[in-house]
Amino acid sequence: MSTTKPWLAVFAAGACEIACNRLLNADIIAPLSVAAPVARDTLFIVANICPFLLVLFALKRGYLTRMGPWAATASCVLVIAGTLLVGLHAKTGSTAALCGGYALWQLGSLWATLMYLIALCQLDNIRSAMLCICASALIGTLGQ
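None of the values given here were measured: they were computed from a predicted structure.

Novice: Outline the packing of helix H1 (residues 5-35) against helix H4 (residues 95-121), supporting the account with residue identities and numerical values.
Specialist: Where H1 meets H4, the axes come as close as 11 Å, and the angle between the chain directions of the two elements is 160 degrees. As judged from the angle between their axes, H1 and H4 are roughly antiparallel. Here H1 and H4 pass one another in a crossing that is left-handed. The segment H1 lies against H4, with Val10, Ala13, Gly14, Glu17, Cys20, Leu24, Asp27, Ile28, Ile29, Pro31, Leu32 and Ala35 engaging Thr95, Leu98, Cys99, Tyr102, Trp105, Gln106, Thr113, Tyr116, Ala119 and Leu120. Of the residues that constitute the contact of H1 with H4, the class distribution is 16 nonpolar, four polar and two charged.

Novice: Could you give an account of the packing of aromatic side chains, naming the residues involved and the relevant values?
Specialist: Here the distance between the centres and the angle between the planes together describe a pair of aromatic rings. Taken as a whole and judged by the stated rule, the model has one aromatic pair. Judged by centre distance (5.6 Å) and plane angle (5 degrees), the ring pair of Trp7 and Phe11 falls under stacked. Within this pair, Trp7 and its partner Phe11 are both found in helix H1, separated by four residues, close to a single helical turn. Summarising the burial analysis for this pair, Trp7 and Phe11 share the class buried.

Novice: Describe in detail the side chain of Ser136, supporting the description with residues and values.
Specialist: On the secondary structure map, Ser136 appears in helix H5 (residues 126-143). Judged by relative accessible area, which is 1%, Ser136 ranks as buried. Once residues lying within four places of it in the same chain are set aside, the contact partners of Ser136 are Phe11, Gly14, Ala15, Ile18 and Tyr116.

Novice: With reference to specific residues and values, describe the environment of Gly143.
Specialist: Mapping Gly143 onto the fold places it in helix H5. Using a relative accessible area of 56% as the deciding quantity, one classes Gly143 as exposed. Measuring from C-alpha to C-alpha, the distance between Gly143 and Leu8 comes to 16 Å, with 135 residues separating the pair along the chain.

Novice: Residue-level account of helix H2 (residues 37-61), with values.
Specialist: With 25 residues, H2 should reach 36 Å at 1.5 Å per residue; the first-to-last C-alpha distance of 36 Å fits that figure. Every buried residue of H2 is accounted for by Leu43, Ala47, Pro51, Val55 and Ala58. For H2, the elements touching its buried residues are H1 and H4.

Novice: Could you give an account of the pattern of salt bridges, naming the residues involved and the relevant values?
Specialist: On inspection of all chains with the given rule, the structure shows one salt bridge. With a closest N to O distance of 2.6 Å, Arg40 and Asp41 form a salt bridge. We classify Arg40 as partly exposed; its relative accessible area is 22%. Looking at Asp41, the relative accessible area reads 37%, which means it is partly exposed.

Novice: Go over the environment of Cys76 with me, naming the residues and quoting the values.
Specialist: Looking at the secondary structure, you find Cys76 in helix H3 (residues 68-92). Along the primary structure Cys76 and Ala9 are separated by 67 residues, whereas in three dimensions their C-alpha atoms are 18 Å apart.

Novice: Describe a nonpolar patch on the surface, and please don't skip the residues or the numbers.
Specialist: A contiguous nonpolar surface patch, about 680 Å² in accessible area, is contributed by Phe44, Ile45, Val46, Ile49, Leu53, Leu56 and Leu59. Its location among the elements puts Ile45 in helix H2.

How each quantity is defined
- Residues numbered from 1 in each chain as written.
- Predicted model: local features only at pLDDT ≥ 70, side-chain atom pairs only at ≥ 80, totals over all residues.
- Heavy atoms only, no water.
- Axes fitted to C-alpha atoms, helices over the stretch in contact; angles between N-to-C directions.
- Helix = DSSP H or I, 4+ residues; strand = E, 2+ residues; numbered from the N terminus.
- Parallel < 35°, antiparallel > 145°, perpendicular 65-115°, else oblique.
- Left-handed = near helix turned anticlockwise from the far one by under 90°.
- Contact = heavy atoms within 4.5 Å.
- Nonpolar A, V, L, I, M, F, W, Y, C, P; charged D, E, K, R; others polar.
- Phe/Tyr/Trp six-rings, centres within 6.5 Å; stacked < 30°, edge-to-face > 60°.
- Buried < 20%, exposed > 50% of the residue type's maximum accessible area, 1.4 Å probe, protein only.
- Expected span 1.5 Å × (residues − 1).
- Salt bridge = Lys/Arg side-chain N within 4 Å of Asp/Glu carboxyl O.
- Patch = residues over 30% accessible without salt bridge, like charges linked within 9 Å, V, L, I, M, F, W, Y side chains within 5 Å.
- Areas by Shrake-Rupley, 256 points an atom, 1.4 Å probe, with all protein chains shown as cover.

Put into structure tokens, the structure is as follows:
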């Protein structure tokens, strides 16, 4: 198997995805579990159901293929806003900032995750995709 530019791009995206998920669990969900466990559970349910409902709605209406640049920009803005709110929590201890940061981070990362999964499906073959998943998980875990 040769390493191509698309494979390296999907690998890098996967490593970042794994590292961010681990950081999300350690730096956002763990403090939220202590400060507001009911809010954590509610946000977790909503933040994991709403993105899938949005994708299903976009697929049904045919929006998904036309959303590229707009969705990528919105995704970046939401993740940055979520990160800033989590930073505000780190500075002030505000549970509301942590809850808001978590919700924005989850919604913002939807597009990046979706594009990663689509790109993974477009690799040359299943062996290449599986190697990419395993290698990116290893590097993402070490990178956290």
